[in-house]
Amino acid sequence: MKTILQANNVQKIYGTKENQYKALEDIDLEVMESEFIGIMGPSGAGKSTLLNILSTIDSPTSGEIVIAGQNILQMNEEQLSDFRRNQLGFIFQDYNLLDTLTVKENILLPLALSKVPANDIEARVQEIADTFGIRDILEKYPYHISGGQKQRTAASRAIVANPSLILADEPTGALDSKSSASLLESLTQLNERHRSTIMMVTHDAFAASFCKRILFIKDGKMYAEIHKHQQSRQEFFQQIMDVLASLGGGGK
Ligand SMILES: Nc1ncnc2c1ncn2[C@@H]1O[C@H](COP(=O)(O)OP(=O)(O)OP(=O)(O)O)[C@@H](O)[C@H]1O
Ligand SMILES: [Mg+2]
């Protein structure tokens, strides 16, 4: 199997020389193609910091990161913006949709920027709209759709260009339980049918139970890792709760 992401000895220090704060320490990570990984840990543990670094939005203080065979820490701004557009898909808690564009236009934006032919764009948007169950709202504007539909639109946009890696920070954070379940099922489908590689930060054990592997971070360091094997999602959920209990802070 192909390695999608390799991170070695990643550190992130915030603050000034006199007042340093180590947000991440000695983080090693290998992600294989078609994994669905959850990242959990108490509030302030460094989950978003890690995701932002892997997203190339932020840079580490030291360490090495290779994604899709490319060393992201040696790229200039222009290379990074191409890399983000071609290799990465992002899903954030607050959707980040453009209000002046329809759902469809929001979704196809990354393809339009990459100058993909119009016919191909149309076919791809329809295919994804089916996966996420949003065919009926493609012509609507973001302020006329629900939070769950916004998040599925954002997820559709994140994957439209077939990224090597999909990064999601609390994608269900603002959703009710029904919309959460529906987004998580769509992500699972994407992972299982299209072999998409997904990394998702969540404080929610239910959301995490959809993942195949979960990394627990505490105080900026790797604390534990569990894999889903043959057990049911309910059993995996229980296992997650047990690790969270041992972590302290209830995961939030
Ligand atoms: N720009 C910054 N400057 C200084 N400190 C920061 C900055 N961003 C984050 N931190 C600190 O780094 C630590 C990790 O923050 P991070 O946002 O990664 O936590 P998190 O695990 O995502 O928490 P949450 O579950 O609350 O989202 C926190 O103590 C935070 O206060
Ligand atoms: Mg966070």
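Relevant structure appears above.
The structure displayed is predicted, hence computed values, not measured ones.

(A) Looking closely at the site of ligand 1. In the vicinity of ligand 1, the contacting residues are Tyr-14, Tyr-21, Ala-23, Pro-42, Ser-43, Gly-44, Ala-45, Gly-46, Lys-47, Ser-48 and Thr-49. Here an oxygen atom of ligand 1 sits 2.8 Å away from a polar atom, N or O, in the main chain of Gly-44. The contact in question runs from an oxygen atom of ligand 1 to an N or O atom on the backbone of Ala-45, over 3.2 Å. About the coverage of ligand 1: the protein hides 59% of its 640 Å² of free accessible area. Elements represented by at least two residues in the shell around ligand 1 include exactly β2 (20-32) and α1 (47-54). Counting residues per element, the shell around ligand 1 draws most heavily on α1, at three residues.

(B) Up close: the side chain of Ser-164. Its place among the elements puts Ser-164 in the loop between α5 (147-159) and β7 (165-169). Among the polar contacts listed, one links the side chain of Ser-164 to the side chain of Gln-87, at a separation of 2.5 Å. Dropping the residues within four chain positions of it, Ser-164 is found in contact with Ile-4, Ala-68, Gln-87 and Thr-197.

(C) Main features of the nonpolar core. One finds Phe-132, Leu-187, Met-200, Ile-214, Phe-216 and Ile-240 to be the most contacted residues of the largest nonpolar core, which totals 45 residues. The element contributing the most residues to this core is helix α8 (residues 233-247), with five residues. Core analysis: the second largest hydrophobic core is formed by 29 residues, Ala-7, Ile-27, Leu-165 and Ile-217 among them.

(D) The sheet that holds strand β6 (residues 88-91), seen in detail. The strand order across the open sheet formed by six strands is β6-β7-β8-β3-β9-β10, and the pairing between neighbours is mixed. In this open sheet, the two edge strands, each paired with only one partner strand, are β6 and β10 (221-227). Each strand of the sheet is rotated relative to its neighbour by a mean of 20 degrees, with strand direction disregarded. Bridge analysis of β6 against β7 gives four bridges, and the strand direction is parallel. Following the sheet pairing, Ile-91 is matched in β7 by Ala-168.

What counts and what doesn't
- Each chain carries its own residue numbering, running from 1 in the direction its sequence is written.
- Chains carry letters from A onward and ligands carry numbers from 1 onward, assigned in written order.
- In keeping with the predicted nature of the model, local features appear solely for residues at pLDDT of at least 70, side-chain atom pairs appear and are counted solely at 80 or more, and the whole-chain, interface and lining totals rest on all residues.
- Excluded from the side-chain calculation are hydrogens and water; included are all heavy atoms of the structure.
- To be near a molecule or strand, a residue needs just one of its heavy atoms within 4 Å of it.
- A 3.5 Å cut-off defines polar contacts: any pair of N or O atoms within that distance qualifies, except that in protein one atom must be a possible hydrogen donor and the other a possible acceptor, and neighbouring residues in sequence count only when both atoms are side-chain atoms.
- Using a 1.4 Å probe, the Shrake-Rupley method yields the accessible areas, and only the shown protein chains count as cover for residues.
- Runs of H or I in DSSP of at least four residues are treated as helices and runs of E of at least two as strands, each being numbered from the N terminus.
- Residue contacts are defined here by distance: any two heavy atoms, one from each residue, within 4.5 Å place the two residues in contact.
- Remark: nonpolar core denotes a set of buried residues (Ala, Val, Leu, Ile, Met, Phe, Trp, Tyr, Cys) joined through side-chain atoms within 4.5 Å.
- Each residue's exposure class comes from its accessible area (1.4 Å probe, protein chains only) as a fraction of the maximum for that residue type: buried when under 20%, exposed when over 50%, partly exposed otherwise.
- Here, strands pair whenever DSSP counts at least two bridges between them.
- As a rule, the C-alpha atoms of each element are fitted with a line to give its axis, helices using only the stretch in contact, and angles between N-to-C directions run from 0 to 180 degrees.

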